[in-house]
Amino acid sequence: MTTEDKKNDYKATILLPKTGFPMRANLNQREPEVLKRWTEIGLQSKIDNLTARKGKFILHDGPPYANGAIHVGHALNKILKDILVRQRTMSGYNSPYVPGWDCHGLPIELKVSSDLGRKKLDMTVLDIRKKCAEYAQKWVKTQEDAFKRLGIGGRWEQRYLTLAPAFEASELGALKALVEKDYVYKGLKPVFWCASCQTALADAEVEYANHESPAIYVKFPFQSPETIPALEGLNRPSVVIWTTTPWTMPANMAVSLHPDLEYVAIRVPAIDGDGEDDYIVARELVESFTADAGIEKFTIVKPVSSRELERALLEHPMFPDRTSMVILGEHVTLEAGTGAVHTAPAHGMDDFIVGRKYDLEVYLPVDHAGRFTEKFSLMEGMSVWEANTPIIRYLDEKHLLVNHKQYAHSYPHCWRCHNPIIYRATEQWFMRVDHADLRDKTINEIDNTIKWIPAWGRDRIRNMMAARPDWCLSRQRVWGVPIPAVICQSCNTSSLLPEVIEKVREQATRDGSDCWWSEPLEKFLSPESKCKQCGGQDFEKEQNILDVWFDSGISHLAVLESGHWPDMQWPADLYLEGSDQHRGWFHTSLLTSMGIKGAPPYKAVLTHGFVLDGKGEAMSKSKGNVIAPDEVVKKYGADVLRLWVTSEDYRNDVKVSEEILSRVAEGYRRVRNTMRYLLGNLEGFNAETDAVPYDQLQEIDQWILHELYTLNTSIQKAYNDYEFHRIYHQATQFCVVQLSSVYLDITKDRMYCGGETSANRRAAQTAQHAVAITLLRLLAPILVFTCDEAYQYLDSTIESVHLLPFNELPNSWNQPEIGARWQQLLAVRNDVLRALEDARQIKKAIGQSLEARVIVQPGDGKLAELLREKAGLLPELFITSQAEVAESGADIGADNVITSLKGDIVHVTVLPAEGSKCERCWRILPDTGNDAEYPGLCDRCGNVLRRHTEHGCRQENGSQGNR
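A quick note: this is a predicted structure, and the numbers were derived from the prediction, not measured.

Enquirer: What's the story with the overall build of the protein in this structure? I'm lost.
Expert: In terms of regular secondary structure, the protein is built from 30 helices and 33 strands. Each of the three principal axes of the protein carries a C-alpha extent, and together these read 125 × 75 × 50 Å. Here the protein, with 963 residues, has 58% of them falling under the buried criterion. A sequence separation of at least 24 residues applies to 76% of the contacts in the protein between residues at least 6 apart. Within the structure as shown, the protein displays about 39900 Å² of accessible surface, and the carbon and sulfur contribution to it stands at 47%. Of the side chains in the protein, 110 bear a positive and 131 a negative charge, and the two mean positions are spaced by 4 Å.

Enquirer: What am I meant to see in helix H2 (residues 27-41) here?
Expert: A turn of α-helix holds 3.6 residues, and therefore any two residues three or four places apart point the same way. The end-to-end C-alpha separation of H2 is 21 Å, in line with the 21 Å expected for 15 residues at 1.5 Å each. Those residues of H2 that are buried are in contact with helix H3 (43-48), helix H4 (72-90), helix H6 (125-149), helix H19 (638-647), helix H20 (658-681) and helix H26 (784-792). Positive backbone phi, at 65°, marks Gly 42, one or two positions downstream of H2.

Enquirer: Looking at this structure, how should I read the pairing of strand S28 (residues 852-858)?
Expert: Along any regular strand, the residues point their side chains to alternate faces of the sheet. Of all seven residues in S28, seven are buried; the element is thus mostly enclosed. Of the two faces of S28, the one carrying Ala 852, Val 854, Val 856 and Pro 858 and the one carrying Arg 853, Ile 855 and Gln 857 are both buried. Across seven bridges, S28 lies against strand S31 (residues 906-912) in antiparallel orientation. The partner of Ile 855 across the bridge, within S31, is Thr 909. As paired strands, S28 and strand S29 (residues 882-885) are joined by four bridges and run parallel to one another. Across the sheet, residue Arg 853 finds its bridge partner in S29, namely Gln 882.

Enquirer: I tried to follow the sheet that holds strand S20 (residues 486-488) on my own but got confused; where do I start?
Expert: The three strands are arranged S21-S20-S22 in an open sheet whose pairing can be described as antiparallel. Both outer strands of the open sheet, strand S21 (494-495) and strand S22 (539-541), are each paired with one neighbouring strand and no more. As judged from the two bridges shared by S20 and S21, these two strands associate in the antiparallel manner. By the bridge assignment, Ile 487 is partnered in S21 with Ser 494.

Enquirer: Before we go on, may I ask you to explain the layout of surface pockets in this structure?
Expert: Remark: the empty space left among the atoms is shown by a probe the size of a water molecule rolled over them. Taken as a whole, the largest pocket spans an internal volume of roughly 2000 Å³. Around the largest pocket, the lining comprises 48 residues; the ones closest to its centre are His 71, Gly 73, His 74, Asp 580 and Phe 610. Looking at the lining of the largest pocket residue by residue, the class counts come to 22 nonpolar, 17 polar and nine charged. Taken as a whole, the second largest pocket spans an internal volume of roughly 1400 Å³. In terms of lining residues, the second largest pocket is bounded by 41 residues, among which Thr 244, Gly 348, Asp 350, Asp 351 and Tyr 423 are the most central. In terms of residue count, the dominant contributor to the lining of the second largest pocket is strand S15 (residues 401-414) (five residues). Per-class residue counts for the lining of the second largest pocket are 20 nonpolar, 15 polar and six charged.

Enquirer: Whenever I open this one, the sheet that holds strand S5 (residues 199-200) confuses me. Can you help?
Expert: Sheet strands associate in pairs through backbone hydrogen bonding, adopting either a parallel or an antiparallel arrangement. An order of S5-S4-S16-S18 is seen for the four strands of this open sheet, with the pairing classed as antiparallel. Each having just a single partner strand, S5 and strand S18 (471-472) make up the two edges of the open sheet. In this structure, strand S4 (residues 184-194) lies alongside strand S16 (residues 422-431), joined through 10 bridges in antiparallel fashion. If you follow Leu 188 over to S16, its bridge partner there is Glu 427.

Enquirer: Explanation requested: the packing of H19 against H26 in the structure shown.
Expert: Contact geometry for H19 and H26: axes closest at 7 Å, N-to-C directions at 120°. Taken together, the axes of H19 and H26 lie oblique to each other. Together, Ala 638, Asp 639 and Arg 642 of H19 and Val 784, Phe 785 and Thr 786 of H26 make up the contact between the two elements. Partitioned by chemical class, the residues of the contact of H19 with H26 number three nonpolar, one polar and two charged.

Enquirer: What is the right way to look at the packing of aromatic side chains in this model?
Expert: The relation between two aromatic rings is expressed through the spacing of the ring centres and the mutual angle of the planes. Counted under the stated rule, the structure contains 28 aromatic pairs. Aromatic side chains Phe 372 and Phe 376 sit 5.0 Å apart centroid to centroid with 70° between the ring planes, which places their arrangement in the edge-to-face category. By the burial criterion, Phe 372 is buried, and Phe 376 matches it. Taken together, the ring pairs in this structure connect Tyr 217, Trp 242, Tyr 279, Phe 289 and Tyr 407 into an aromatic cluster. One Lys or Arg, Lys 78, reaches over the ring of Phe 147 and ends 5.1 Å from the middle of that ring. For Lys 541, the ring lying beneath its charged end belongs to Trp 516, and the centroid distance is 5.2 Å.

Enquirer: Looking at this model, I keep getting lost on H4. Mind explaining?
Expert: Here H4 contains 19 residues, and its C-alpha end-to-end distance of 27 Å stays within 8% of the 27 Å for a straight helix at 1.5 Å per residue. Here H4 lies mainly inside the structure; 19 of its 19 residues are buried. Trailing H4 by a residue or two, Gly 92 shows a phi angle of about 105°, which is positive.

Enquirer: I tried to follow the side chain of Thr 880 on my own but got confused; where do I start?
Expert: Of note, Thr 880 is situated in the loop between helix H29 (874-878) and S29. With a relative accessible area of 2%, Thr 880 lands in the buried category. Of the polar contacts made by the side chain of Thr 880, one reaches the backbone oxygen of Gln 882; its length is 3.0 Å. Not counting residues within four places of it along the chain, the set of residues in contact with Thr 880 comprises Leu 836, Ser 849, Leu 850, Ala 852, Val 854 and Pro 875.

Enquirer: How do you make sense of unusual backbone geometry when you look at a structure like this?
Expert: The bulk of non-glycine residues show a negative phi, and the bulk of peptide bonds are trans. Cis geometry marks the peptide bond from Ile 453 to Pro 454; its omega dihedral reads -5°. When you line up the elements, Pro 454 lands in the loop between strand S17 (451-453) and helix H12 (456-467). In this chain, Trp 570 is followed by Pro 571 through a cis amide linkage whose omega measures -5°. Locating Pro 571 in the fold gives a position in the loop between helix H16 (555-560) and strand S24 (574-578). Despite not being glycine, Asp 437 has its phi angle at roughly 60°, a positive value. Mapped onto the secondary structure, Asp 437 falls in the loop between S16 and helix H11 (438-448). Its identity is not glycine, yet Ile 879 carries a phi of approximately 55°, on the positive side. If you trace the backbone, Ile 879 turns up in the loop between H29 and S29.

Enquirer: How do you make sense of the pairing of strand S6 (residues 206-221) when you look at a structure like this?
Expert: Two strands pair when backbone bridges link them, and S6 and S15 are joined in this way by 13 bridges, in the antiparallel orientation. Its bridge partner being in S15, His 211 is matched across the sheet by His 409. Judged from the six bridges that link them, S6 and strand S7 (residues 237-243) form a sheet pairing that is antiparallel. For Phe 220, the partnering residue across the bridge sits in S7 and is Val 239.

Enquirer: For this particular structure, what's the right way to read the pattern of salt bridges?
Expert: Opposite charge on two side chains makes pairing possible when the charged atoms of those side chains draw close. The tally for this structure, following the rule as stated, stands at 64 salt bridges. We note a salt bridge from Lys 81 to Glu 577, for which the minimum N-O separation is 2.6 Å. Here the residue Lys 81 occupies a position in helix H4, and Glu 577 occupies one in strand S24, the gap between them amounting to 496 residues. Residues Lys 81 and Glu 577 agree in their burial class; the two are buried. Residue Arg 129 pairs with Asp 514 through a salt bridge whose shortest N-O separation is 2.6 Å. Here the residue Arg 129 occupies a position in helix H6, and Asp 514 occupies one in the loop between helix H13 (498-511) and helix H14 (515-518), the gap between them amounting to 385 residues.

Enquirer: Quick question: what am I supposed to make of the side chain of Thr 373 here?
Expert: Within the secondary structure layout, Thr 373 lies in the loop between helix H9 (349-357) and helix H10 (384-397). Taking the relative accessible area as the measure of exposure, Thr 373 reaches 15% and is therefore buried. Apart from the residues lying within four places of it in its own chain, the contact partners of Thr 373 are Leu 364, Pro 365, Val 366, Asp 367 and Glu 380.

Enquirer: How should I be thinking about the state of the cysteines in this particular structure?
Expert: Working definition: the covalent bond between the sulfur atoms of two cysteines is a disulfide. The tally for this structure, following the rule as stated, stands at zero disulfides. Just so you know, Cys 753 is unpaired, no disulfide at all, and the nearest cysteine sulfur is the one on Cys 941, 5.3 Å from it. Here Cys 753 falls in the buried class, since its relative accessible area comes to 0%.

Enquirer: Help me out: how do you make sense of the environment of Pro 390 in this one?
Expert: Mapped onto the elements, Pro 390 comes out in helix H10. In this structure Pro 390 comes out as buried when scored by relative accessible area, which is 18%. Sequence spacing of Pro 390 and Arg 762 is 372 residues, and the spatial spacing of their C-alpha atoms is 91 Å. Pro 390 has contacts with Met 379 and Met 382, leaving out every residue within four places of it along the chain.

Analysis parameters
- Residues numbered from 1 in each chain as written.
- Predicted model: local features only at pLDDT ≥ 70, side-chain atom pairs only at ≥ 80, totals over all residues.
- Heavy atoms only, no water.
- Helix = DSSP H or I, 4+ residues; strand = E, 2+ residues; numbered from the N terminus.
- Buried < 20%, exposed > 50% of the residue type's maximum accessible area, 1.4 Å probe, protein only.
- Contact = heavy atoms within 4.5 Å.
- Areas by Shrake-Rupley, 256 points an atom, 1.4 Å probe, with all protein chains shown as cover.
- Lys, Arg positive; Asp, Glu negative; His and termini not counted.
- Charge placed at Lys NZ, Arg CZ, Asp CG, Glu CD.
- Expected span 1.5 Å × (residues − 1).
- Pairing = 2+ DSSP bridges.
- 1 Å grid on protein atoms, 1.4 Å probe; cavity = no way out; pocket = protein on both sides within 12 Å on 5 of 7 lines; lining within 4 Å.
- Points joined across faces, edges and corners; volume = space filled by probe spheres on them.
- Nonpolar A, V, L, I, M, F, W, Y, C, P; charged D, E, K, R; others polar.
- Axes fitted to C-alpha atoms, helices over the stretch in contact; angles between N-to-C directions.
- Parallel < 35°, antiparallel > 145°, perpendicular 65-115°, else oblique.
- Phe/Tyr/Trp six-rings, centres within 6.5 Å; stacked < 30°, edge-to-face > 60°.
- Lys NZ or Arg CZ within 6 Å of the ring centre and 35° of its normal.
- Polar contact = N/O pair within 3.5 Å; in protein donor to acceptor, adjacent residues only side chain to side chain.
- Salt bridge = Lys/Arg side-chain N within 4 Å of Asp/Glu carboxyl O.
- Disulfide = S-S within 2.5 Å.

Written out as C-alpha cells, the structure reads:
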C-alpha cells in the first residue's frame, strides 16, 4: 500500500460531523413544508391537549382591523404574542390562543361605498352591510394566511370575529348591562366630528398632525360700560380674545375669564384710527399679546377684577341683534392669547361645561357636512373651512379684528380620511364615566391592581382616564352593531329599553345584528314597552350603531366569559398591544369591564413601540421606506423575521431596514450552523444508552454544562420578565463564544480523532447532546421552524419540539467554582491565541497552531498552580501539539523561539513543535512513528485504529477536515 493510500485510509477514519440537517436554510422553501407537516399531524390540537401542571395563562388577543394586508407592525405584535404563548405552554401552562379580528367600522364602510359608487344609491342597508361583511371576511382570510406563514400558532378554527352572531349577541348583552346600571344616556354634547365622513369619532379615532390655522385677536366691546363700576374711567373698553378657529365665532355665547387671574386695562390706538381704546387682558400676557398683535404703543391704565365683570354683556361680533356675556371659568390658562377665551358651547367641551353653569344656549349653526345652516344665513351652505376668510374680513370691516396671522400647531385629524376635524355638539348616546364612582374606581385599579409593563404605562393610562369625558358610544353609520334605541312618536324622546335590547340580542344570537334592519320593530317590543318620558307606546327605530371601540372593548366578555370559546377564562392574564392602545383597546376594555363587572379585564398589560425605518422615521409608501412582512419572508424566511423581533427591545420604538435584517440573518446563520455542528457530532449517539455519568465527564464538559445551566436559567427568566431581546443576545453569544469559539473548538480533536465509542468522546457527546436539546427547546418559541426541523434529526420519539417542556437541568450542573476556574483558563487561552496569531501572521513561522509548542509563564501563584494542575489539558485548550508551564521570569533556554509576548495575565513563548506530524490527527508529537503497524501515526491514533477497525468509521463526503 502506498503512502498516499494510507493517508486516504486515515482520512476515512476521521469521525467528521454527519447530519442530514442542511447547512443552507432555504427557509422560504422549507418553512411551508414544516407548516404542512404540522397540519398533517394535528400539532395544534396536540399542544392544546398537553397536561398543564401550572394551570392556565390567558393572553387575550387584541383584534387587528380587517381591511388590508398585514404590515410589519402586525408582524411584531403577533410574533411577540406567539413567542409568549409558546413559552408559557412549554413552561407548563395551558395557554390557549384565540386570534380575533375587528370587522366593523367606518374604514370598511367607506371603502365599500367607494367601490360601489353610484350603485350604493339603489341598495338597501342590508345590501350594504352584506358587502361590508364580505369585504371584511376577505381580509380576515388574507391576514390569517399571512399570520400562519409567520409561524403563529393558535386556535384558528375558533377565531373570533366581531361580526359573528355570537360576538354581536355578547356585545348587545354588554350594552344592556350598562343600560340597566344607568351608565348610558342620550345628550347634546360637543364631540369630535369628521365632516368628511359625517360621523362622530371616539378619542382613539383622532390623530394629531401639524396644521396651519388663521389665528385672530378679536375685541368684544362692552354694552353700556358706564353702568359697570369696574370699567369706570375707561375709554370704549373691550375684552380681547384669541382663537385659531374663526369659523366658531357665529356660535359664540360668552367670553370666559379666570376668576383668580389678574387682569388689566391697557390703552392702545383705536383700530378705526379714531382716538384710543381700552383692552382688558391678563396682566401676565400683556407683553406677549401686544408683541404678537403688532401693538407698538400701549399704556396700562388700571387693574380690573374679573369677578366684578361677571355676567357683564358684550356686543356680539357676528350678530348685531345678539349679545355675548362675561363668565368665569377655571379652564382659562396663561399659555397663549390674552387670558380671555371665546366660548362657544356647541364647539368645545370646556366651553360646553362652563356654559352649563351659566345656562348658555348650545347654539349650533353647523350641519353634519360641516356647512353653515340657516342659523348663520350670512354664509349658509359654506363649509366652515371656507368661511374662515370671509369671517375674518367681516370682523375687520366692523373694526373688531385686532390682528390676524397664520399659526402652525398640532391639530386633531380623522384617523381614516386624515382631514382636520371639528368639535360639534350633537345628540349622541354616551356612557357616563363618573356614574357610581366609575372613574375613581377605575383609577384605583390602575394604580393598585394591574401590572403595567413598562411601568410608565400606568401613568399614561391613568392620566387619560382622569381627564377623559363621557364616552360617545353612537355613530351615524350602518356597518356595525346597532344601538337598538326607539323613538317615541308622541314626544320624540329616544329610549334604550332593556327588554328591546334583550329581544334583539336573542335574535342576533341566531341571525346576527342584521335583524335590527330586517325585522319589524314590533318583533322586539313587549307589551310593557313604554316611553319613559310620556308613557307612549308608539315607537320607531333609531338608526345609530355602536362605536367600533365598543365592539373590541367588550371582547373580554365575548371571548373569555361567554362560553362560545372553550378553555378561556376571565380575566385575562395579559393584554399585549402597541403603546397607542392606552387610549384605545386597553382603555375601552377597562371601562366596560369596570362598569359591568366592577373589576379589570386583565391582570397585566404589556406594550410595544412602533416600527420605524432604519433612520428612525415612520414608514410610509410616499417615502418608499415600507418593508412588508411577506417580502422579508420571501427573502429571508419567517424565522429571521421572528429573530428580528427578539433582537430589539420592543418596549421602545423599534427599527427595521435591509441592513438590520441582513445583520439578523447573519446571526441566524451562526445559530443554525452551531445547531448543525452539534447534530453532526451526535450522529449515532443514543442518549439513553451512550451517555456518560456527570462525574465521569471531563471538566471542560462540566464547564459547558455549567454555562448551559446559567444560560437556561437566564433565558427562562428573560421570558418570564418579557425581556426577549436578552434571549437573542445571550443565545447568540452562547452559540458564537462559549460553544463555537471555545468548547466545540477545543473538543474537536476528541470528537474527530478519538475512538468512536471511547469514554472521552462519549463524554463530549453527552455534554453536546444536553446542549443541543436544551438550546432547541429554549429557542423553539422564537425559531419555530428551525428548532422543529433540527429536532427531527435529534429525536424521533416525539413528533415536534413544540410538544416538549423546557429542560429542567440538574442543580448539580451549576458549578460556579468550575466556571471561575475556566474563566481564568480561557483568559490564558486568549493570551496564547494572540501569540500564535503573531507567529502565524507576523512572523510567518507556522501555518497552523498544531505546528507550535507553547510555554506559558504566569505571574500569579494561584494561576500557576491551576495551570500545572491542568497541564495535560493545555495542548487541547490551546489547540497546539505541546504546551508547558514554566516559572515566571525563568529562562526558556531555547534558540528557536518564534515569538515571545507578554499577555494580559501570562507571558507566552511560541516555539516549533517537537516530533513528527501524525498523518491522521496532524499533531506533531515525539511518539509519532513508534507504532510498527501504523508508522505514520502517533500512539493515540494507532491505538484508536487497532481498537475500532472492526467497527468501521464514518465520514461525510465534502466535509471540512478536522483542522
